[in-house]
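Below, each chain spelled out in residue letters.
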Amino acid sequence: MENETQKPNAENDLETAVTEMLLRLGIPAHINGYRYLRTAVIDTVNDERLLDSMTKRLYPDVAEKYGTTSSRVERGIRHAIESAWIRAEIDEVTKFFNCNYYNRELHPTNSEFIALAADRMRLRIKHGQITM
């Protein structure tokens, strides 16, 4: 019988890929927004329609998982993105966002960041880099 820890779990593969992406972008793992953001990206990968109703569905869903409010989730994600933008390695950010211009004052909105991150993960799944 095969050991459970040896079998790759599709959800863990996606979670690991999202975690690695967030850490590469400089999002500090010790803040609540990091956990909220990781969950929001994973949920959005699984259901793209969540992008159309972030305040009505995505934030409340994440809040319920962590026993908090949707306004705290929104604020925590915004703080995580702002923190990353301040601490980020310019090369990682420009590569991730596919841009040549980087400005520490102009960071992406929550929905822009989540949409781009989820899209990146969906493309990696499509190309077989992450299993689902």
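This part is about the layout of surface pockets. A water-sized probe, rolled over the atoms, reveals where empty space remains. One number sums up the size of the largest pocket: a volume of about 160 Å³. Elements with a contribution of two residues or more to the lining of the largest pocket: α1 (10–24), α5 (90–97) and α6 (110–126).

According to the stated counting rule, one finds six salt bridges in the structure shown. Between Arg-49 and Asp-47 there is a salt bridge, with the nearest N and O atoms lying 3.0 Å from each other. For Arg-49, a relative accessible area of 59% gives the class exposed. A relative accessible area of 15% places Asp-47 in the buried class. As a salt-bridge pair, Arg-78 and Glu-74 come within 2.9 Å of each other at their nearest N and O atoms. One end of the pair, Arg-78, and the other, Glu-74, are both in helix α4 (residues 70–87), four residues apart, so they sit about a helical turn from each other.

Let's shift gears to the side chain of Thr-44. Turning to its location among the elements, Thr-44 is positioned in helix α2 (residues 32–46). Apart from the residues lying within four places of it in its own chain, the contact partners of Thr-44 are Leu-50, Leu-51, Leu-58, Ile-114, Ala-118 and Arg-122.

This brings us to the confidence of the model for the chain. With 85% of its residues at a pLDDT of 70 or more, the chain has an overall mean of 85. Counted against residues more than four places away or in other chains, residues 1–7, with its pLDDT under 50, gives one contact.

Time to look at α4. The end-to-end C-alpha separation of α4 is 26 Å, in line with the 26 Å expected for 18 residues at 1.5 Å each. All of the buried residues in α4 are Val-73, Gly-76, Ile-77, Ala-80, Ile-81, Ser-83, Ala-84 and Trp-85.

Thresholds applied
Residues numbered from 1 in each chain as written. Predicted model: local features only at pLDDT ≥ 70, side-chain atom pairs only at ≥ 80, totals over all residues. Heavy atoms only, no water. 1 Å grid on protein atoms, 1.4 Å probe; cavity = no way out; pocket = protein on both sides within 12 Å on 5 of 7 lines; lining within 4 Å. Points joined across faces, edges and corners; volume = space filled by probe spheres on them. Helix = DSSP H or I, 4+ residues; strand = E, 2+ residues; numbered from the N terminus. Salt bridge = Lys/Arg side-chain N within 4 Å of Asp/Glu carboxyl O. Buried < 20%, exposed > 50% of the residue type's maximum accessible area, 1.4 Å probe, protein only. Contact = heavy atoms within 4.5 Å. pLDDT = per-residue confidence, 0-100. Expected span 1.5 Å × (residues − 1).

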